[in-house]
Amino acid sequence: MLRIASLVLICTLWLNSYAIAPDKVVVDSLIRLLQRGENDSIRWNANQQFLAIVEKYLKSDSAVNTCPDFAPNIACVQSPDNKWRLLTWLVPSYDGDHYGFYGFLQKLNDKSGSNQYWPLSDSTAFIKKPESEKLSCDRWFGATYYEVIAKKKKGKSYYSLLGWKGSSRQVTQKVIDVLSFDGEKPRFGYPMFKKERVFRSRIIFSFNATASMSLRYESSKRMIVFDHLFVSSPGKGGPVDFSQSGPDGSYDGYKFRAGRWQWVADVKMKQKRTRK
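Each value, and the rule that gives it
- Residues numbered from 1 in each chain as written.
- Predicted model: local features only at pLDDT ≥ 70, side-chain atom pairs only at ≥ 80, totals over all residues.
- Heavy atoms only, no water.
- Helix = DSSP H or I, 4+ residues; strand = E, 2+ residues; numbered from the N terminus.
- Buried < 20%, exposed > 50% of the residue type's maximum accessible area, 1.4 Å probe, protein only.
- Contact = heavy atoms within 4.5 Å.
- Areas by Shrake-Rupley, 256 points an atom, 1.4 Å probe, with all protein chains shown as cover.
- Salt bridge = Lys/Arg side-chain N within 4 Å of Asp/Glu carboxyl O.
- Phe/Tyr/Trp six-rings, centres within 6.5 Å; stacked < 30°, edge-to-face > 60°.
- Pairing = 2+ DSSP bridges.
- Axes fitted to C-alpha atoms, helices over the stretch in contact; angles between N-to-C directions.
- Patch = residues over 30% accessible without salt bridge, like charges linked within 9 Å, V, L, I, M, F, W, Y side chains within 5 Å.
- Polar contact = N/O pair within 3.5 Å; in protein donor to acceptor, adjacent residues only side chain to side chain.

Caption draft 1: Structural detail: the overall build of the chain. If you tally the helices and strands in the chain, you get 3 helices and 15 strands. The proportion of buried residues among the 276 residues of the chain is 47%. The long-range fraction of contacts in the chain, counting pairs at least 24 apart against all pairs at least 6 apart in sequence, stands at 51%. Accessible surface computed for the chain: about 15,200 Å², of which carbon and sulfur atoms make up 52%.

Caption draft 2: Representation of the pattern of salt bridges. Scanning the entire structure with this criterion turns up 10 salt bridges. Note that Lys24 and Asp28 form a salt bridge whose closest N and O atoms lie 3.4 Å from each other. In this pair, Lys24 and Asp28 both sit in helix 2 (residues 24-36), 4 residues apart, roughly one turn of the helix. By relative accessible area, which is 23% here, Asp28 ends up partly exposed. A salt bridge links Glu131 to Arg200; the shortest N-O distance between them is 3.1 Å. One end of the pair, Glu131, is in the loop between strand 4 (115-121) and strand 5 (144-153); the other, Arg200, is in strand 10 (residues 198-200), with 69 residues separating them in the sequence. Overall, Glu131 belongs to the partly exposed group, its relative accessible area being 28%. In this structure Arg200 comes out as partly exposed when scored by relative accessible area, which is 26%. Several salt bridges share partner residues, and in doing so they unite Lys156, Asp182 and Arg187 into one network.

Caption draft 3: Looking closely at the packing of aromatic side chains. Tallied over the full model, the rule gives 14 aromatic pairs. With a centroid separation of 5.5 Å and an interplanar angle of 90°, the aromatic rings of Tyr99 and Trp164 are classed as edge-to-face. Of this pair, Tyr99 sits in strand 3 (residues 99-108) while Trp164 sits in strand 6 (residues 156-166); the two residues are 65 residues apart in sequence, bridging distant segments of the chain. Measuring from ring centre to ring centre gives 6.0 Å for Phe104 and Tyr117, while their planes differ by 75°; the resulting arrangement is edge-to-face.

Caption draft 4: Seen up close, the sheet that holds strand 4. If you walk across this open sheet you meet the 4 strands as 1-2-3-4, and the pairing is antiparallel. Every interior strand has two partners, whereas the edge strands, strand 1 (75-78) and strand 4, have only one. Ignoring strand direction, the axes of neighbouring strands in this sheet form an average angle of 15°. Pairing of strand 2 (residues 84-92) with strand 3 involves 9 bridges; the strand directions are antiparallel. In the strand pairing of strand 3, Leu86 is matched with Leu105.

Caption draft 5: Just the sheet that holds strand 9 (residues 193-195), in detail. In spatial order, the strands read 10-9-15-14-13-12; together these 6 strands make up an open sheet with mixed pairing. Each edge of the open sheet is held by one strand with a lone partner, namely strand 10 and strand 12 (215-218). This sheet shows a mean twist of 30° between the axes of neighbouring strands, independent of strand direction. For strand 9 and strand 10, the ladder comprises 3 bridges, and the chain directions are antiparallel. Bridge pairing links Lys195 to Val198 in strand 10.

Caption draft 6: Quick peek at unusual backbone geometry. You will see that Lys154, though not glycine, has its phi angle at about 55°, which is positive. Summarising the element assignment, Lys154 is placed in the loop between strand 5 and strand 6. Given a relative accessible area of 84%, Lys154 falls into the exposed group. Positive phi, normally seen in glycine, also occurs at Arg222, with a value near 50°. With respect to the secondary-structure elements, Arg222 resides in the loop between strand 12 and strand 13 (223-230).

Caption draft 7: Main features of a nonpolar patch on the surface. Taken together, Val231, Val240 and Phe242 make up a surface patch of nonpolar side chains, about 210 Å² in accessible area. Position of Phe242 among the secondary structure elements: in the loop between strand 13 and strand 14 (246-257).

Caption draft 8: Quick look at the side chain of Gln116. Within the secondary structure, Gln116 is located in strand 4. Owing to a relative accessible area of 17%, Gln116 belongs among the buried residues under this scheme. Of the polar contacts made by the side chain of Gln116, one reaches the side chain of Glu184; its length is 2.7 Å. Those residues within four positions of Gln116 in sequence are excluded, and the remaining contacts are Leu105, Gln106, Lys107, Leu108, Asn109 and Glu184.

Here is the structure:
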């Protein structure tokens, strides 16, 4: 506990200083604590200190055009038009049965050119209909993002986000979300995904935590391609057991047509040849 208290003091002194670059020793120690601390309280406290460090970094002019290289746990993606960046990371619970997601959205103001940012508040537990709700930075369906696809509809830009979202020890999730802006106000979710006659604001894939699911954008096909997941049939009225779900070797996708991502079944993918 003395070591942790000393670390908190060092971090506080750094936050009150005028240094631009964060101390790597402090950052590395905080990352170890928020990922592998011996209880949830230690992990939460370390993450609060880490949040403060990232926020201070975002306030500096040097943060406008670069992803932070001082924290390897941060997933940083930038829009193809270089208008914004998303910084996201996760904090696993001590029992391994829960993940908290954190981050910031940073954007240059279109009119003034000033640097602005928004903290992201993971509200997963309070979102009753995640596939249909439009959300905001302070009510966010938390995930760590690894790819951005920019598309336009009636002259407005919509950015599709591919992300990873751990759920529990038994079930992992991946997600396709949409980021757009009403003026300078960020919005998550948009009914852009069409399957048959149903429109969804975001797509959530749930599967066994030991399985590996592919979700990526294939530019040659102009399509988001993903593993088709088999799902065990529940009993009458029973819930689906996603811990028994996983890839079956086939692929589906969403192809952008007429301003929408339209579902395509049984996408043919070339198998990469392996050298003997």
